[in-house]
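Inside the fold
Listed below, chain by chain, are the residues.
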Amino acid sequence: MQSPERPTPAYSPPVKRSIPSAIALEDGRSEKLTAVQTTSTAISRDTAANPRTKTRLASAFFAYFVLGWGDGVTGTLLPHFKSDLQLSFVLSSLFWVASASGYAIGTIAVEHVTRILGRTCFHTNRPPSVFPLRFKGTSVSPENGPSQMAFSQSRSRFFTMVLASVFHGLFFVIMGSKRGFASMMIAYVISAFASSTRNVYVPSISKRGLGIMYGCYSFGGFAAPLVCQSVIATGIRWANFYFGSLVLTALNTSFILYAFWPTKRELTADAELAWKLYNPAPSESDTTSVADTAQPSPTNSTAPVLRKKAALGPRSEFGMYRRRFTAADTYTSAIRNVQMWANALFALIYTGSEGATQGFIIVYLLAARDANAKTVGYVTSGFWGGMALSRFLWGYLGGFITFRQRKWIVQGCIFLSVIAFTMHLCILLVPSFVENAVSTAIVGTVYGPIFPSNIAVARDLLPAEMHLVSLAIVAACASLGAAVFPFIAGLLSTTVNARTLPYLTIAQTVTMFCIWFLFPSRPPTRQN
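The rules we used
- Residues numbered from 1 in each chain as written.
- Predicted model: local features only at pLDDT ≥ 70, side-chain atom pairs only at ≥ 80, totals over all residues.
- Heavy atoms only, no water.
- Helix = DSSP H or I, 4+ residues; strand = E, 2+ residues; numbered from the N terminus.
- Contact = heavy atoms within 4.5 Å.
- Expected span 1.5 Å × (residues − 1).
- Buried < 20%, exposed > 50% of the residue type's maximum accessible area, 1.4 Å probe, protein only.
- pLDDT = per-residue confidence, 0-100.
- Salt bridge = Lys/Arg side-chain N within 4 Å of Asp/Glu carboxyl O.
- Phe/Tyr/Trp six-rings, centres within 6.5 Å; stacked < 30°, edge-to-face > 60°.
- Lys NZ or Arg CZ within 6 Å of the ring centre and 35° of its normal.
- Axes fitted to C-alpha atoms, helices over the stretch in contact; angles between N-to-C directions.
- Parallel < 35°, antiparallel > 145°, perpendicular 65-115°, else oblique.
- Nonpolar A, V, L, I, M, F, W, Y, C, P; charged D, E, K, R; others polar.

Examining the overall build of the protein
In terms of regular secondary structure, the protein is built from 20 helices and 5 strands. For the protein, restricting intrachain contacts to residue pairs at least 6 apart in sequence, the fraction spanning at least 24 positions comes to 79%.

A few points about helix α5 (residues 153–177)
Here α5 spans 36 Å end to end across 25 residues, near enough to the 36 Å set by a 1.5 Å rise per residue. The buried count for α5 comes to 19 of 25 residues, which makes it a mostly enclosed element. Of the residues flanking the end of α5, it is K178, one or two places downstream, whose phi is positive at about 50°.

Comments concerning the confidence of the model for the protein
Parts of the prediction with low pLDDT should not have their coordinates interpreted in detail. Across the protein, pLDDT averages 75, with 69% of residues at or above 70. A low-confidence stretch, residues 1–49 stays under pLDDT 50, and its non-local contacts, those more than four residues away or across chains, total 121 contacts. For the stretch residues 281–325, pLDDT sits under 50, and the model shows 118 contacts to residues farther than four places along the chain or on other chains.

A word on the pattern of salt bridges
Between side chains of opposite charge, a pair can form as their charged atoms come close. One pass over the full model with this rule turns up 4 salt bridges. Here E266 ties to R157 by a salt bridge, and the two come within 3.1 Å at their closest N and O atoms. Remark: R157 occurs in helix α5 and E266 occurs in helix α10 (residues 264–278); sequence separation between them is 109 residues. Taking relative accessible area as the criterion, E266 reaches 3% and is therefore assigned buried. Between R391 and E354 there is a salt bridge, and its shortest N-O distance comes to 3.9 Å. One end of the pair, R391, is in helix α14 (residues 378–397); the other, E354, is in helix α13 (residues 338–368), and 37 residues separate them in sequence. A relative accessible area of 6% places R391 in the buried class. The buried category is assigned to E354, whose relative accessible area is 14%. Counted as one network, the salt bridges with shared partners bring together R56, R157 and E266.

Looking at the environment of L78
Inspection of the secondary structure puts L78 in helix α3 (residues 74–84). Considering only alpha carbons, one finds L78 and G377, 299 residues apart in sequence, at a separation of 9.9 Å. Filtering out sequence-adjacent residues up to four positions away, L78 remains in contact with S92, F95, W96, G359, F360 and V363.

Some points on the packing of aromatic side chains
The full count for this structure, using the stated rule, is 27 aromatic pairs. Judged by centre distance (5.9 Å) and plane angle (90°), the rings of F171 and Y242 are edge-to-face. Taken together, the residues F171 in helix α5 and Y242 in helix α8 (residues 239–244) connect sequence positions 71 residues apart. Each member of the pair, F171 as well as Y242, carries the same accessibility label: buried. Judged by centre distance (5.6 Å) and plane angle (75°), the ring pair of F241 and Y242 falls under edge-to-face. Under the relative-accessibility criterion, F241 is labelled buried at 5%. Above the face of the F89 ring, K82 is positioned so that its terminal group lies 5.1 Å from the ring centre.

Details of the environment of L91
Tracing the chain through its elements places L91 in helix α4 (residues 89–118). A C-alpha to C-alpha distance of 8.5 Å links L91 and F487, two positions 396 residues apart in sequence.

What to know about the packing of α13 against α14
Contact pair α13 / α14: the axes reach a minimum separation of 8 Å and the direction vectors enclose 150°. Taken together, α13 and α14 sit at an angle that is classed as roughly antiparallel. The segment α13 lies against α14, with Y350, E354, T357, Q358, I361, I362 and L365 engaging V379, T380, F383, W384, M387 and R391. Taken together, the residues that form the contact of α13 with α14 break down as 8 nonpolar, 3 polar and 2 charged.

If you want it as structure tokens, here you go:
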């Protein structure tokens, strides 16, 4: 019999006074738990047998399409920003700095956001529900019985996705209002923050889905300049493009509400696990250490959600009891790892080259090739279209190719860098708008697989216990490169002239070639 301090929910079968041995999944199966295994993934994992998985993946892919739609149009509109708002190229390049700042803020805050949005009260006499959001601790209600503050991953995932969609819609509203440079900077910070909080579902479901997800983002970047340039060519002001994009936000939010609304089974599984963890094991000290050690979030990292002993819930996937190092040791080891810094440097240069190319190619063609202002925006679509094509293909092939094949394909992506180098050289030397537009599309095509491959190589080469810290540093350097090099491109365009862009991108592709060539061709052999 359960004691009053450790109630059992009336809507679920009685539980033993121990950590559960199995958890019901969405498709009705069960998954064994041990002290080393995680429970967060077991609860949230959608399987192929679950009919909602495809719907949720489609919703996540469409969400990334909308993100690409908002980000891909910046290069097309940069000359209009400059003329309408009286901006220099240096000030215009600060939009990329604002985006990098938003990503940084989002990376730091996403764990806290998902924790807060996942907080809920589970009652013993009432089935769990999505609403309301509650932040009180343990309480007793005559109608609902005792309640327990805990973490619900299904709620956290749902509210995080909805919040990100709403924030991205706010970006469209601010940009369409044309309130000035300062408000547009804030809009780019908000957009990047929303982007950083979206990546809470696909990585835990499908490896191949990551390639499709990035492909959808690139496809959004391909479609937006086409539509925007067509709108501007008809005489409609560019701000109306952003107001029209609110239709996509409405569709995206509706799709998320439909696809990610937590099912009764998911909420019940969250509640059952919370109550089971709340019930102490025979050894009080062991149970306390298990229950209070860590708390999960959809970002799959380990951190305490609530410091109170009453705040219980699923735990993270990053092996609480099997860690070889403490957090400080892992961070120190990652900082001293040369391979990690090689991947980080490569990511910094790549994202800088991508950002500078798609951001300032329109400015370059207008200045150096006397391009038609009514059609030049389509060049950005060519860049994003090529990238979308190669990323979709890479997402399909990602599950089949080996480490060595990936190394030399991207070396062919270093050959890829050779191709990119040649295309950037053509942009510099061939005085033809058509040829430069084709070269830009080819650059986008060969750039597509580079960033996903760099992340995959880092994951394969670095020890598993360093992944959390190392990949965070690589992502931070990527964001830094996406801010620094477009700013350098804008600075050079202002102080020298807009024809300097190919010199910067050629130097970047040569550097990428050299770094990637030094990466090993075989994965390391590690002893268990």
